[in-house]
Amino acid sequence: MDRQKRIRNFCIIAHIDHGKSTLADRLIEMTETVSDRELQEQLLDSMDLERERGITIKLTPVKMYYNKGGVEYELNLIDTPGHVDFTYEVSRSLKACDGAILVVDATQGVEAQTLANVYLAIENDLEIIPVINKIDLPSARPEDVKKEIEDVIGLDASDAPLVSAKEGINIQAVLDAVIDKLPPPSGKEDAPLKCLIFDSYYDNYKGAVCLVRVIDGEVKAGTKIKMMASGRTYDCVEVGTFSPQPKPAKSLRAGDVGYISASIKVIAETAPGDTITEAGRETERPCEGYKEIQSVVYSGIFPADGSHYNDLKDALEKLKLSDAALHYEPEVSAALGFGFRCGFLGLLHMEIIQERLEREYNLDLITTSPSVTYHVHKTDGSMVVVTNPCNLPPVTSISYIEEPMVKADIITPPEYIGAIMELCQEKRGTFLDMQYIDARRVRMSYRSPLAEIVFDFFDGLKSRSRGYASFDYELDGYQKSDMVKLDVLLNGEICDALSLMIHRDKAQARGRILAEKLKENIPRQLFEIPIQAAIGGKIIARETVKALRKDVLAKCYGGDVTRKKKLLEKQKEGKKRMRQFGSVEIPSEAFMSILKIGDDN
Amino acid sequence: MKPLAIYVHIPFCKARCYYCSFVSSLYSLDRVSKYFDALLREIDLFDFSGFVVNSIYFGGGTPSVVKQENILTVLDLIKKKAFISAEAEITIECNPESFSREKAMSFKKAGINRISFGLQSTDDKILKRIGRIHTYNVFLKACSIAKEYFSNISADLIIGLPGQDKRSLKTDLERVVSLGIEHISIYGLKVEEGTLLQKEGYKVDEDLTADLYSNAVDYLAGKGFIRYEVSNFSKEDKYRSRHNFTYWNRGDYVGFGLSAHSFINNYRIENTCSYIDYIEGETECKRLLISPLESEAAEETIMLALRTSDGLDIKSFNEKFNRDLLSEKSGQLKQLDKFLKVEDNRLKLKDDGFYVMNEIIVRLL
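Residues numbered from 1 in each chain as written. Chains lettered and ligands numbered in written order. Predicted model: local features only at pLDDT ≥ 70, side-chain atom pairs only at ≥ 80, totals over all residues. Heavy atoms only, no water.

Participant: Any chance you could explain the overall build of chain A here in plain terms?
Facilitator: Counting its regular elements, chain A contains 14 helices and 32 strands. Computed over the C-alpha atoms, the radius of gyration of chain A is 27 Å, within 12% of the 25 Å expected from 2.2 N^0.38 for a compact globule of 601 residues. Each principal axis of the C-alpha distribution contributes one length, and for chain A these read about 85 × 70 × 60 Å. Counting every position in chain A, which comprises 601 residues, the buried fraction comes to 59%. Taking contacts inside chain A between residues at least 6 apart in sequence as the whole, the part at least 24 apart equals 69%. (Helix = DSSP H or I, 4+ residues; strand = E, 2+ residues; numbered from the N terminus. Rg over C-alpha atoms; globule rule 2.2 N^0.38 Å. Buried < 20%, exposed > 50% of the residue type's maximum accessible area, 1.4 Å probe, protein only. Contact = heavy atoms within 4.5 Å.)

Participant: What am I meant to see in the overall build of chain B here?
Facilitator: On a plain count of helices and strands, chain B comes out with 16 helices and 17 strands. Taken over C-alpha atoms, the radius of gyration comes to 21 Å for chain B, in line with the 21 Å a tight globule of 365 residues would show. Across the 365 residues in chain B, those meeting the buried criterion constitute 58%. Here the contacts in chain B between residues at least 6 apart in sequence split such that 70% fall between residues at least 24 apart. In the structure as shown, chain B presents an accessible area of about 15,500 Å², 50% of it carried by carbon and sulfur atoms. Positive and negative side-chain charges in chain B, numbering 50 and 52 respectively, have mean positions lying 4 Å apart. (Areas by Shrake-Rupley, 256 points an atom, 1.4 Å probe, with all protein chains shown as cover. Lys, Arg positive; Asp, Glu negative; His and termini not counted. Charge placed at Lys NZ, Arg CZ, Asp CG, Glu CD.)

Participant: Would you explain the interface of chain A and chain B in this entry?
Facilitator: How large an interface is tends to be reported as the accessible area lost when its parts come together. Residue-level contacts link 29 residues of chain A with 48 residues of chain B. For the pair chain A and chain B, the summed buried area comes to about 3,700 Å², and 57% of that belongs to carbon and sulfur atoms. At the surface where chain A touches chain B, the tally comes to nine salt bridges. Residue B:Glu300 is joined to A:Lys565 by a salt bridge in which the shortest nitrogen-to-oxygen separation is 2.8 Å. The leading source of residues in the side of chain A that touches chain B is helix H13 (residues 561–576) of chain A, at eleven residues. In terms of residue class, the side of chain A that touches chain B is made up of eleven nonpolar, four polar and 14 charged. (Buried area = accessible area lost by both parts, 1.4 Å probe. Salt bridge = Lys/Arg side-chain N within 4 Å of Asp/Glu carboxyl O. Nonpolar A, V, L, I, M, F, W, Y, C, P; charged D, E, K, R; others polar.)

Participant: What is the right way to look at the domain arrangement of chain B in this model?
Facilitator: All names here are of chain B. As far as domains go, chain B holds domain 1 (2–248) and domain 2 (294–364). In this structure, domain 1 and domain 2 have C-alpha centres spaced 29 Å apart. Contact residues are listed per partner, giving 14 residues for domain 1 and ten residues for domain 2. Roughly 1,000 Å² is buried in total at the junction of domain 1 and domain 2, and carbon and sulfur atoms are behind 55% of that figure. The largest contributions to the domain 1 side of the interface with domain 2 come from Arg227, Val230 and Trp248, which together make up 49% of the buried area. If you look at where domain 1 meets domain 2, you find three salt bridges. (Domains from an automatic or database assignment.)

Participant: Honestly, the sheet that holds strand E12 (residues 246–249) of chain A in this entry has me stumped. Any pointers?
Facilitator: Hydrogen bonds between backbone atoms are what pair the strands of a sheet, whose relative direction is either parallel or antiparallel. Residue and element names in this part refer to chain A. Ordered by their spatial adjacency, eight strands build an open sheet running E10-E9-E15-E6-E7-E14-E11-E12, and the pairing between neighbours is antiparallel. Each of the sheet's edge strands pairs with one partner strand only, and the pair in question is strand E10 (233–235) and E12. The mean inter-strand angle of the sheet, taken between neighbouring strand axes irrespective of direction, is 40°. When strand E9 (residues 224–227) meets strand E15 (residues 275–278), the two strands line up antiparallel, connected through three bridges. Residue lysine 226 lies in a different strand from E15, and its bridge partner there is threonine 277. (Pairing = 2+ DSSP bridges. Axes fitted to C-alpha atoms, helices over the stretch in contact; angles between N-to-C directions.)

Participant: Hey, could you run me through the nonpolar core in this one?
Facilitator: Most often, soluble globular proteins have nonpolar side chains that are buried together. Counting residues in each nonpolar core, the largest one holds 117 residues, and the members touching the most others are B:Ile6, B:Leu39 and B:Phe99. For B:Ile6, the residues in contact, after removing those within four places along its chain, are B:Phe48, B:Val53, B:Ser55, B:Ile56, B:Tyr57, B:Ile78, B:His243, B:Val254 and B:Phe256. By size, the runner-up hydrophobic cluster in this structure holds 47 residues, among which are A:Val296, A:Phe344, A:Phe457 and A:Leu461. (Core = buried A, V, L, I, M, F, W, Y, C linked by side-chain atoms within 4.5 Å.)

Participant: How do you make sense of the sheet that holds strand E3 (residues 71–78) of chain A when you look at a structure like this?
Facilitator: Residue and element names in this part refer to chain A. The five strands lie next to each other as E2-E3-E1-E4-E5, forming an open sheet whose pairing is mixed. Strand pairing shows two members of the sheet lacking a second neighbour, strand E2 (61–68) and strand E5 (127–133), which therefore form its edges. Neighbour-to-neighbour, the strand axes of this sheet turn through a mean angle of 30°, independent of strand direction. Strands strand E4 (99–105) and E5 of the sheet are contacted by helix H6 (residues 142–153), whose axis makes an angle of about 150° with E5. Taken strand by strand, helix H7 (residues 171–181) contacts strand E1 (7–14), E2, E3, E4 and E5, and its axis lies near 90° from that of E2.

Participant: Help me out: how do you make sense of the state of the cysteines in this one?
Facilitator: Between two cysteines, a covalent bond joining their sulfur atoms is known as a disulfide. The final tally for this structure, using the stated rule, is zero disulfides over all chains. Unpaired in terms of disulfides, A:Cys210 finds its nearest cysteine sulfur in A:Cys195, a separation of 9.0 Å. For A:Cys210, a relative accessible area of 0% translates into the label buried. Cysteine B:Cys143 is unpaired, with the sulfur of B:Cys94 as its nearest cysteine sulfur at 11 Å. (Disulfide = S-S within 2.5 Å.)

Participant: Please clarify how a nonpolar patch on the surface should be interpreted in this entry.
Facilitator: Taken together, the side chains of A:Phe431, A:Met434 and A:Tyr436 present a nonpolar region at the surface, about 300 Å² in accessible area. In this structure, A:Phe431 sits in strand E23 (residues 430–438). (Patch = residues over 30% accessible without salt bridge, like charges linked within 9 Å, V, L, I, M, F, W, Y side chains within 5 Å.)

Participant: Mind showing me how you'd approach helix H3 (residues 101–109) of chain B here?
Facilitator: The α-helix advances 3.6 residues per turn, and as a result positions three or four apart in sequence lie on the same side. All names here are of chain B. All of the buried residues along H3 are Lys103, Ala104, Ser106 and Phe107. Structurally, H3 contributes buried residues whose contacts are with helix H2 (68–81), strand E5 (83–94) and helix H5 (136–149). Positive backbone phi, at 105°, marks glycine 111, one or two positions downstream of H3.

Participant: Explanation requested: the packing of aromatic side chains in the structure shown.
Facilitator: The relation between two aromatic rings is expressed through the spacing of the ring centres and the mutual angle of the planes. According to the stated counting rule, one finds 28 aromatic pairs over all chains in the structure shown. With 6.1 Å between their ring centres and 55° between their planes, B:Phe48 and B:Phe256 make a pair best called tilted. Here B:Phe48, found in the loop between helix H1 (29–45) and strand E4 (51–60), pairs with B:Phe256, found in strand E11 (residues 253–256); they are 208 residues apart in sequence, far enough to count as distant. What makes B:Phe48 buried here is its relative accessible area of 4%. In this arrangement the basic side chain of A:Lys480 is found over the ring face of A:Tyr400, its NZ or CZ atom lying 4.8 Å from the centre. The ring of B:Phe263 is capped by B:Arg268, whose NZ or CZ atom sits 3.9 Å from the centre of that ring. (Phe/Tyr/Trp six-rings, centres within 6.5 Å; stacked < 30°, edge-to-face > 60°. Lys NZ or Arg CZ within 6 Å of the ring centre and 35° of its normal.)

Participant: Any chance you could explain the packing of helix H2 (residues 20–30) of chain A against H7(A) here in plain terms?
Facilitator: When two helices pack together, their arrangement is given by the angle between the helix axes and the distance between those axes. Residues and elements named next belong to chain A. Where H2 contacts H7, the axes come no closer than 10 Å and their chain directions differ by 85°. Compared by their axis directions, H2 and H7 come out roughly perpendicular. Taking contact as the criterion, the partners of Leu23, Arg26, Leu27 and Met30 in H2 are, on H7, Ile171, Gln172, Val174 and Leu175. Residue composition of the contact of H2 with H7, grouped by class: six nonpolar, one polar and one charged. (Parallel < 35°, antiparallel > 145°, perpendicular 65-115°, else oblique.)

Participant: It is not clear to me how the packing of H3(B) against H5(B) should be interpreted in this structure. Could you clarify?
Facilitator: Residue and element names in this part refer to chain B. The N-to-C vectors of H3 and H5 enclose an angle of 30°; their axes lie 10 Å apart at closest approach. Taken together, H3 and H5 sit at an angle that is classed as roughly parallel. Note that H3 runs across H5; the crossing there is right-handed. Seen from H3, the contacting residues are Arg101, Ala104, Met105 and Lys108; seen from H5, they are Ile145, Glu148 and Tyr149. (Left-handed = near helix turned anticlockwise from the far one by under 90°.)

In C-alpha cells:
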C-alpha cells in the first residue's frame, strides 16, 4: 500500500482558453520530466492540428516525479480534450483519475464548460482543487473569481492557488496541493486484474495501444489479457508509462497509469471505456460507464476527382485505425459518384477528419451538408433511423419525424441576454431557465434541436456576444418536429448530393439562398441551367445560370500555339474537378459553397 | 520543297497600349540597332535549305516604328538566304501613326504586298482610353496612302473595349467597310495579367462582347466579308491571310526575334523573352520545347483547325493519327449538335459554336 500512497492520478479541467495546456506544460517543466531540448509549447498536444487550433483532441497521459518532504511522488497527469464534441472522451479520462485540478481564468471567471466539466468530475467522485490562473493579467480579479467558484459551483476556493501558468508563477503550490489534497489510488494489487481503457492510439509498429488506469491487480508482458466488452483475448506484449514519450516498464500495478500493447490490429478492438482483465482470472465487476461511441453528425465525403476513390478509402481505413470515433460506410451518389457516409462526434470532429484527410493524405474532397440522426416514424408503426436525407422514406409513408434535442447552457454578461435569446429563438430553442451568477454574468438554459446547435450556433453566439458568451450542451432525447427534405434540381433533375433536412419554417429561406449560392458557383456552360429548390414536388426557389456566350482565344500571337494549348489543357484539367450531373458540370466549389450557408446569411 | 512561313518580331513601340501583354519595349535608336544586329545574326544562322517561303510576316510591337532600312535589311537577308515563292504573301503590321508615304514606297519596292493596320477602334475617345497614339483621322490618312501602293490591306478591330457599345462598333464597321479594304480582323479583348487595364480592374462584359461579335459577323456577311476564321474576315478567298493559315494547319514556320515561336519538323521552339539575353545570345536564346507527342499533335490539329470555317478534314485526320474521330466522340457530338456539324467530310463549328469554341474543343480533346 505504501507504493500507492506515493501516486496521484489527476487531470486538469477548464473552459477553453483558460490555460489548461499551459499549466500542464509548466507542471511537466517543473518536475523536469522533459529535457529543455524537447520543450515545445503545449507538449501534450502532439498533433499539428491540435497545436494550431489550440485544442486537445487525443488524450495523452504523462508521468512526473515530484519530491515533497523527502518523499518522491509519482504524479500521473491525464490530459482531457477541451471541446464539447469530445465529452465522452473527457468522461473516460476522468474515470481514470482520483482527482482534478480545475483551472479558472482570473479575468473570465466561471464559464459554461467550467461548469460542464465540474459536473462530470463530481459525477465521477473526483476530488477537485480549484486553481486561479492568469493572475498576471491587469484585469485579473482573483478574489471575485474565488467567490464565484464558491457561489456557483459550491467548491471551497479559499486555498485555491493563485497562479500564472504563462509566467510560471506559483506552480509549486499546485503540485503541493495535488499531493496534499488529492487522494492516492486504493486498488488491491493482489486482486484479479482490472484496467480501465481510457483511450487508445495506433502505432505503426505496436498496433493499437491501450491507455489504461490499473484499478486492481498487475499486468506485464506475457499476461493473457481479455477485453470484457468484446470478450477478445490477447497476449500482452509490452507495458509502459509516458514521460511523455512511451517508455517500457516491467509491469503496471494497481494505481498505475500507462499503456498496454498486445499486437492488436484494429483500434476498434480497444474500445475506450472497456475493461481489461486477465483471461482465466477475471475481475468480478468491470468498470462502469462503458458505452459505444455514437455518431452525432453525418456527412458524405467524396473525392473531388472521382478517380481518387481508392485513395480516400485507404485514408479512411488508416484514420479509423487511430480514431475509433470515426464511422464510415460506402455511399453512392448520382452526382458525386462513389464516396463514404461518415459519422462524427460533432462538427469539430468532422472538420478535423476532413482536414486530416486533406493534409495528411493529400486529398481533395467534396463534402455534403452535415446531418444529424432523425427518427422517422412510419404510418405502419415502424421507425427508421435516417442519417442521410436521400434515405428518407416517401413522404406518404411517414407518420412523423423526431429530431435529436440538446440542453444548452450559456453563460454571458447580462448585456447580451437579448441578443442571445433572439439567437436561441431563431435556433428553435425553448427557454428553460435563467440565473444570475453574479451581477456580471448570467446563466441561461435552453432546450434546442441538435441540428441547430451543431451547425453554426457557436459562431452566432460568439458574434452576438462579442465573444463573451460561453456555452456547452448535452444530448437530451428526441422530439417530434416538422422536418422536410429540401431538394435541389439542376436542369430539372434532383441532385442527391445537395439534398438536406430542414425545419419547414426555414425551408423557404434556405432554398432561396441555396439556389443563389449555386448560381454564383456554377460557371456558365454551353446550355442554360435552371436551378430549383423544392420541397416534395413544390418548387420554392429558382435561379438560372445563363448559357455561356464567350469562351474563345482571340489571337494566335506570332504562332504561339503552346500558350493556347496550355489554356485549353487547364480548362480540360478543370473539367476533371467538375462533377458531371446529367448535362450539367458542377465544380466542387459549388458543393462546398452551400455548406457555409448559415441562418445569418 | 517544303513550304515555310517566316515570322519576324519587332518588339518596339512608341507607347504601350493599355491592353497589350506582348513582348515589346519603348523605341530607342540604340536598342533598335543592337536588336537588328542580333536579329540578322539569328536569321543568318538558320538553314533554309529544302524550304520554299510562302509568307513572311513582320509583327510586333510596332514594325512600322523602326526605320524602313531596318526592315529592308532583314528582307534582303532572307531573300539572299531563302527561296521565296513568287506568290509569297509578305505582310507588315503598321500603326497608322508611324506609317508614311516614304515607308509605303520602300515597303512596296522591297516586295511587301500586304499591310495590316492596328486600328482597334474608330472612336477617338476609346482610342485614347486604351492608350493608342493615333486618331481615326490619322488612320484615314494612312489608309489612303496605303491604298495607293497596296491592294491587300487589313485592319484590326478590338471588341470588348472600355466605352464601346453596339452603336460604336457599328460605326467602326461601317467606316472600315466603306474604305474598301480587303480584310478585317476582330479580336475579343482579353484582359491579360500585368496590363494597365488589368491593374485598373477593367472587366470585359462577356455578354456584350458576344453580342458585338455576332453583330459584326452579321454585318460583315451582309457586306460580302466571309468569316474564314473565328477572328478573321476577308472579301474574297484570295485575301485570306496565308501566313495565319500556316499556324492553323500546323505547317512549318520559323519565328525570328524576341519571344518568337517556331514549329519546324514537328519541333516547337521558343525564343527568349529577355531583350538582354537575345541581343547577347547566340544559341542559348532559343529554347526547344518538347516535340508534341502524337496524341498532342492530334489535339493541336483539332484545336487549330476548328478555328477556321473550313474546319477539320476528318479523313486526313483519321489517316494521319490512326483514329476514328466521329465514332470516338459520337456522344459528345450528339450533345454538341447545336454547335458542331459535319459537312463535306469536315468537322465544322456552326455559327453558335464559334464564340464558345474553347468549351467545345475541350470536349473533343
